[in-house]
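If you want the building blocks of each chain, they are given just below.
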Amino acid sequence: MAIALEDEKLRRQVEALHTKYIRCIDDDRLEEWPALFTETCLYKIITRENFDQGMALGIMECRSRGMLLDRITGLRRINVFEPHRYLHQISGLTIEQENGNQVSCRSNYLVVRTMLDGTMSLFSAGVYQDKIVLEPDGARFQERLVIADSRRIDTLLVIPL
Amino acid sequence: MAIALEDEKLRRQVEALHTKYIRCIDDDRLEEWPALFTETCLYKIITRENFDQGMALGIMECRSRGMLLDRITGLRRINVFEPHRYLHQISGLTIEQENGNQVSCRSNYLVVRTMLDGTMSLFSAGVYQDKIVLEPDGARFQERLVIADSRRIDTLLVIPL
Amino acid sequence: MAIALEDEKLRRQVEALHTKYIRCIDDDRLEEWPALFTETCLYKIITRENFDQGMALGIMECRSRGMLLDRITGLRRINVFEPHRYLHQISGLTIEQENGNQVSCRSNYLVVRTMLDGTMSLFSAGVYQDKIVLEPDGARFQERLVIADSRRIDTLLVIPL
């Protein structure tokens, strides 16, 4: 009946990956963000509405670490958007072991955006649905679906959620 | 001085119950929500103001799993409210052991509501104050007080917080 | 490779300190708040903008438990501000051990403010950057920097964040 230390260790690794993820974005260290994914991966932002109807259309979709890197490079080059900062909150992480080194996770996220002039707003709220692999040098996302409750996502969105 | 594995196990069970609770609501699987409570129970939504003055008046109050079920059934039947989704965040969970299989808990909650048109708003913020029993088949709420900071709660509120 | 029980114990102590901190503020038990700091300490609220430019100017700055106490006493005496409540959420806590009894921490915070009339707003979002010492009778903040994303902080701010 006792909780396994191994389970706790796994949980801490998964939590640490989640924290690294939000730090990269919230600290605007986006260049470090692709390294949190496996070489071949899926990163997709989708509205809850589209997800419930079969996931056809994503707002952002990348299928390799290279594509994630391209996304960040492009973002740095154009840089048309008004300066702002994101601040993530995460709650309710659950972890289900799939096999020896792979887990499925889910958590609630909330992103608050603060503009240069100080205006704060609820930018996005929803669910992270992940597949994470535990590699010898750390945990990585094989898949992260960002399922946003609101359909009203800025279509110029270039920064990951 | 070492942390007891038993304490960690207890904490994980309590956290898991909290997560199941917010999932039922956030995923609109409200039919599964009453099963998280004991047969005889107390579920009460109350404003901070009324709570501080002696808890007289609750906004919603149910005293058995049956009443919780009735609440959900009624809600599905009338369904007058505009479609929306809730998204919970929880922080600062503390657990105090009362006796062998009962604990008292407290946590901060925040609920963001997203309407069909995409509008997001801070819907409710406050404190969960719980009595939880650890039964052989899992943890359940014997009592959950939802103490909302705002007095301005929609009086048509039918969905649990 | 197994997670050390000692690490878990440390983490739980640090989490407990974080929870005590937000409880003191959210419950308006501000008189208990200074006891969470060491005698000589640093408590500073600063905007992200000023922090990134070298921390020159803080919005609030206290360098001892006595100064923290003075702050609360003054606040109780003047009491000019409109009644309201804070509600904290915290996510993404990381802990780095500095030496035997000192750790550096970081976490994301979000504060929702509810006014007497029920209006809720995003009051502050940002990062806690801490130095915490583990003393025989519990963990305490030696240093807490509150780095707020927004520059638009009420200059009459008297309650700690």
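Our subject is the structure that appears above.
Residues numbered from 1 in each chain as written. Chains lettered and ligands numbered in written order. Predicted model: local features only at pLDDT ≥ 70, side-chain atom pairs only at ≥ 80, totals over all residues. Heavy atoms only, no water.

Asks: Can you explain the interface of chain A and chain C? Please cite residues and give values.
Replies: Taken together, the contact pairs 27 residues of chain A with 29 residues of chain C. Summed over both partners, the interface of chain A with chain C comes to about 2,300 Å²; 52% of that surface belongs to carbon and sulfur atoms. Counting across the interface, chain A meets chain C through three salt bridges. As a salt-bridge pair, Asp149 of chain C and Arg85 of chain A come within 3.4 Å of each other at their nearest N and O atoms. For the interface between chain A and chain C, the tally reads 14 residue pairs in polar contact (both at pLDDT 80 or more). Counting only elements with at least two residues in the side of chain A that touches chain C, the list comes to helix 1 (5-26), strand 3 (84-99), strand 4 (102-115) and strand 5 (120-135) of chain A. Ranked by residues supplied to the side of chain A that touches chain C, first place goes to helix 1 of chain A with 10 residues. When grouped by side-chain class, the residues that make up the side of chain A that touches chain C number 10 nonpolar, seven polar and 10 charged. (Contact = heavy atoms within 4.5 Å. Buried area = accessible area lost by both parts, 1.4 Å probe. Salt bridge = Lys/Arg side-chain N within 4 Å of Asp/Glu carboxyl O. Polar contact = N/O pair within 3.5 Å; in protein donor to acceptor, adjacent residues only side chain to side chain. Helix = DSSP H or I, 4+ residues; strand = E, 2+ residues; numbered from the N terminus. Nonpolar A, V, L, I, M, F, W, Y, C, P; charged D, E, K, R; others polar.)

Asks: Describe the interface of chain A and chain B, with residues and values.
Replies: Chain A puts 29 residues into the contact, and the matching count from chain B is 27 residues. For the chain A and chain B pair, buried surface summed over both sides reaches about 2,300 Å², with 52% attributable to carbon and sulfur atoms. Run the count over chain A and chain B and you get three salt bridges. Taken together, chain A and chain B are joined by 14 residue pairs in polar contact (both at pLDDT 80 or more). Mapped by element, the contributors of at least two residues to the side of chain A that touches chain B are helix 1, helix 2 (48-52), strand 3, strand 4 and strand 5 of chain A. A breakdown of the residues in the side of chain A that touches chain B according to their chemical character gives 10 nonpolar, nine polar and 10 charged.

Asks: Help me get a handle on the pattern of salt bridges, residues and values and all.
Replies: Tallied over the entire structure, the rule returns 54 salt bridges over all chains. Across the pair Arg85 of chain A and Asp27 of chain A runs a salt bridge, and its minimum N-O distance is 4.0 Å. Of the two residues, Arg85 of chain A sits in strand 3 while Asp27 of chain A sits in the loop between helix 1 and strand 1 (37-47), which places them 58 residues apart along the sequence. Relative accessible area serves as the criterion here: at 17%, Arg85 of chain A is assigned to the buried category. Glu49 of chain A is the partner of Arg151 of chain A in a salt bridge, and the nearest nitrogen-oxygen pair spans 2.9 Å. Here Arg151 of chain A, found in the segment after strand 6 (138-148), pairs with Glu49 of chain A, found in helix 2; they are 102 residues apart in sequence, far enough to count as distant. Residue classification places Arg151 of chain A among the partly exposed residues on the basis of a relative accessible area of 42%. Connected through shared salt-bridge partners, Asp27, Arg29, Glu32 and Arg85 of chain A together with Arg106 and Asp149 of chain C make up one network. (Buried < 20%, exposed > 50% of the residue type's maximum accessible area, 1.4 Å probe, protein only.)

Distances and angles like these do not, on their own, reveal function.
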